Amino acid sequence: MERITTFEQYQQAYKNSVENPEAFWAEQAELFTWRRKWDKTLEWNFNEPDVKWFSGGKLNITENCLDRHLEKRGDQTALIWEPNNPDEAAKKISYKELHSEVCRFANVLKHNGAKKGDRICIYMPMVPELTIAVLACARIGAIHSVVFGGFSFKSLSDRIQDADCNIVITADGGFRGAKDIPLKSVVDEALEICASVKKVIVLKRTHTNVIMKKDRDIWWQEEMEKVSDVCPAETMDSEDTLFILYTSGSTGKPKGVVHTTAGYMVYTDYTFRNVFQYNSGDVFWCTADVGWITGHSYLIYGPLLAGAATLMFEGIPTFPDAGRFWNVIDKHKVNIFYTAPTAIRSLQAMGLDFVKPYKLDSLRVLGSVGEPINEEAWNWYNENIGKKNCPIVDTYWQTETGGMMISAMAGITKTKPGFATLPLPGIQPALVDEKGNELHGNNIEGRLCFKFPWPGIIRTTYGSHERCRETYFNIYKGYYFTGDGCRRDEDGYYRITGRVDDVIKVSGHLLGTAEIENAINEHPDIVESAVVGFPHDIKGWGIYAFVICDNERKDVDNLKSEIIQTVTKYMGPIAKPDKIQIVKGLPKTRSGKIMRRILRKIAENDLANIGDTSTLLDPSVVEEIKIGAVL
Ligand code: 7RM
């Protein structure tokens, strides 16, 4: 079966996937190239947790992304690259060429001591070499850990240390809009405290001056000259780790989400083809950075597994102007376009003059991901980009789920603005109350869990299995817990209502409030801080920081800009607070816990609903904070 094409087929597939999940997923797995067939389709236990898909199977995911396609579509485009600067030439790389480049870079890695199981950190701009580096790691069985290029040295060094990486792949710099991002110097700063790293491979991209450390730093382009493009793929077990990707949590320390080979492959391919209703020959564009899970699953792996042409864009939506996305769609005749609500809202705010010059008639399907899409943005996307002629798939999923979980299938599932709609085949959602009792029936609201494993599920958090158990599997016994609130309406449609923990989605980036607090606290004058989110028209959520300064600084404006600089330096520009309030005290309980509920209400300017403050150690701090609130 190529893919689902009618709603009845969806219902039938859903039914089969629940009644006999093993047969359902085994049928999907048959589509791939295996070196050895699996023995057991699924073994699982959510208490440990311990989930194994296709165990005993042997394969390499790059053979399925590349080699498998060479005979039929070797000369077809695999990767279209659109540079930041529209005056620079775009690139088209065929499956044959991508295969050759990946093999060549895999040899560079081996030549520099990389082995199966090693962790390799990739900190790169959005250039074809990023995709090549990711796939080259997978080719030799090394575990890639991509760190978003917008993170700064402390976030980078934390991630390198946690995964104990021995190689870093980076570039001299990257182009983003009118700015140059100095990647190599951030790496240098991070590595001052990372002893595990033995080699740094540096791509020349911006040709800015960088310091090359002797015996450690080598140039990508020079290394590629020294090796051949023949590199047989390493044989991997189904459950061998494919990659680690860090995600923010409620504590300050990001979690290294571990995905394994076969299940992730089967799941990203299945969801890509079915949700987007991919047709052979389609040009697909996912605007996410490869530093996030969306870039892993739907810019690299999903589309390449399906044999699609995947577009990678180096720049930003507003450079050289706010028509860039639409320009690129016309230029490359994009058929399926997948972006985030925050991008839609910011382009909507720039006005239709940036849309009008473009035809957009190649588009067939539109996607949304990363946060709830408000009705206004949904309608704008539908009317002005899709010309009321392209189904919109609002895809709900997480770093931990590997692929989409709740989503319409384009043109098949009836959509409602603001609803992710229905679970995909194989996905069994459960809404639970605060005690973990499942709520049955429709017209209910609760916390979103999943009660049965799917092939793309998180296997562990790197370095601490206990942390994985605690965070996702121990809060509600027998369930995987997402951290999201959710409503199921009278038609059984799902609407995500937002996070119920201390992480916020800011412009589509998931950030932990504790992580931002740690960065703020690096400022020498700050003794304590508390960060909460507040609703923001464009970003979804903005960052509101309450800070306690240990001396009477009179130059409040300077202090605030220093705090912003500190956060940018330690964590990255994506975590900059939008609002900073200097306070004398924070609302704490007698046991010393900050009552964030109160701070959230103040940040939202919902003073009437602050609620009970009688359990606070010093209720008077609330009055002081209310008076000084930044609105
Ligand atoms: C893919 C991704 C995960 C969190 C998740 C939600 C939120 C994602 C939607 C959404 C409403 C959506 N991975 N989220 N997609 N909320 N509707 N379609 O974003 O790990 O970075 O974030 O994002 O809160 O838990 S992520």
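Data block above holds the structure.
Keep in mind that this is a model prediction, so the values were computed, not measured.

**Thoughts on the overall build of the chain**
Thought 1: Counting its secondary structure elements, the chain contains 18 helices and 31 strands.
Thought 2: On C-alpha atoms alone, the chain measures out to a radius of gyration of 24 Å, which is about the 25 Å that the 2.2 N^0.38 rule sets for 631 residues.
Thought 3: Each principal axis of the C-alpha atoms in the chain carries an extent, and together these give about 75 × 65 × 55 Å.
Thought 4: Within the chain, the proportion of its 631 residues that are buried is 61%.

**Here we look at the site of the ligand**
Thought 1: Around the ligand, the structure places 16 residues, and the nearest of them are D394, T399, D484, R499 and K505.
Thought 2: In this structure, a nitrogen atom belonging to the ligand sits 3.5 Å away from a main-chain N or O atom of P372.
Thought 3: Starting from 530 Å² of accessible surface for the ligand in isolation, the protein chains cover 96%.
Thought 4: Elements supplying a minimum of two residues to the shell around the ligand: α10 (293-306), β20 (392-395) and β26 (494-499).
Thought 5: Here the shell around the ligand is composed, by residue class, of 6 nonpolar, 5 polar and 5 charged.

**Observations concerning the packing of aromatic side chains**
Thought 1: For the structure on display, the rule yields 45 aromatic pairs.
Thought 2: Taking the centre distance of 5.6 Å and the plane angle of 90° together, the rings of Y264 and Y301 count as edge-to-face. Here the residue Y264 occupies a position in helix α9 (residues 261-275), and Y301 occupies one in helix α10, the gap between them amounting to 37 residues. Here Y264 matches Y301 in class, with each residue buried.
Thought 3: Centroid distance F450 to Y480: 6.4 Å. Interplanar angle 25°. Geometry classified as stacked. Residue F450 is found in strand β23 (residues 444-450), and its partner Y480 is found in strand β25 (residues 480-488); the two are separated by 30 residues along the sequence.

**What to know about the packing of helix α2 (residues 21-29) against α9**
Thought 1: The N-to-C vectors of α2 and α9 enclose an angle of 85°; their axes lie 10 Å apart at closest approach. In terms of their interaxial angle, α2 and α9 are classed as roughly perpendicular. Where α2 abuts α9, its residues F24, W25, Q28 and A29 lie against V266, Y267, Y270 and R273.
Thought 2: Class assignment of the residues belonging to the contact of α2 with α9 gives a composition of 6 nonpolar, 1 polar and 1 charged.

**Thoughts on the pattern of salt bridges**
Thought 1: Throughout the structure, instances matching the rule amount to 47 salt bridges.
Thought 2: Residue R345 is joined to E371 by a salt bridge in which the shortest nitrogen-to-oxygen separation is 3.0 Å. Highlighted residues: R345 in helix α12 (residues 341-350) and E371 in the loop between β19 (365-369) and α13 (375-385), separated in sequence by 26 residues. Neither residue differs from the other here; R345 and E371 are each classed as buried.
Thought 3: A salt bridge links E517 to R596, with the nearest nitrogen and oxygen atoms 3.0 Å apart. Taken as a pair, E517 in helix α15 (residues 513-520) and R596 in helix α17 (residues 596-603) lie far apart in primary sequence, 79 residues in all. With respect to class, E517 is no different from R596; both count as buried.

**What about the pairing of strand β14 (residues 241-247)?**
Looking along a regular strand, one sees the side chains alternate between the two faces of the sheet.
Thought 1: Counted residue by residue, β14 has 6 buried out of 7 residues, so it is predominantly covered.
Thought 2: Here 2 bridges tie strand β7 (residues 143-146) to β14, and the two strands are oriented parallel to one another. The residue of β14 that forms the bridge with S145 is I244.
Thought 3: Pairing between β14 and strand β15 (residues 255-260): 6 bridges, direction antiparallel. Along β15, the bridge assignment pairs T247 with K255.

Each value, and the rule that gives it
- Residues numbered from 1 in each chain as written.
- Predicted model: local features only at pLDDT ≥ 70, side-chain atom pairs only at ≥ 80, totals over all residues.
- Heavy atoms only, no water.
- Helix = DSSP H or I, 4+ residues; strand = E, 2+ residues; numbered from the N terminus.
- Rg over C-alpha atoms; globule rule 2.2 N^0.38 Å.
- Buried < 20%, exposed > 50% of the residue type's maximum accessible area, 1.4 Å probe, protein only.
- Near = heavy atom within 4 Å.
- Polar contact = N/O pair within 3.5 Å; in protein donor to acceptor, adjacent residues only side chain to side chain.
- Areas by Shrake-Rupley, 256 points an atom, 1.4 Å probe, with all protein chains shown as cover.
- Nonpolar A, V, L, I, M, F, W, Y, C, P; charged D, E, K, R; others polar.
- Phe/Tyr/Trp six-rings, centres within 6.5 Å; stacked < 30°, edge-to-face > 60°.
- Axes fitted to C-alpha atoms, helices over the stretch in contact; angles between N-to-C directions.
- Parallel < 35°, antiparallel > 145°, perpendicular 65-115°, else oblique.
- Contact = heavy atoms within 4.5 Å.
- Salt bridge = Lys/Arg side-chain N within 4 Å of Asp/Glu carboxyl O.
- Pairing = 2+ DSSP bridges.

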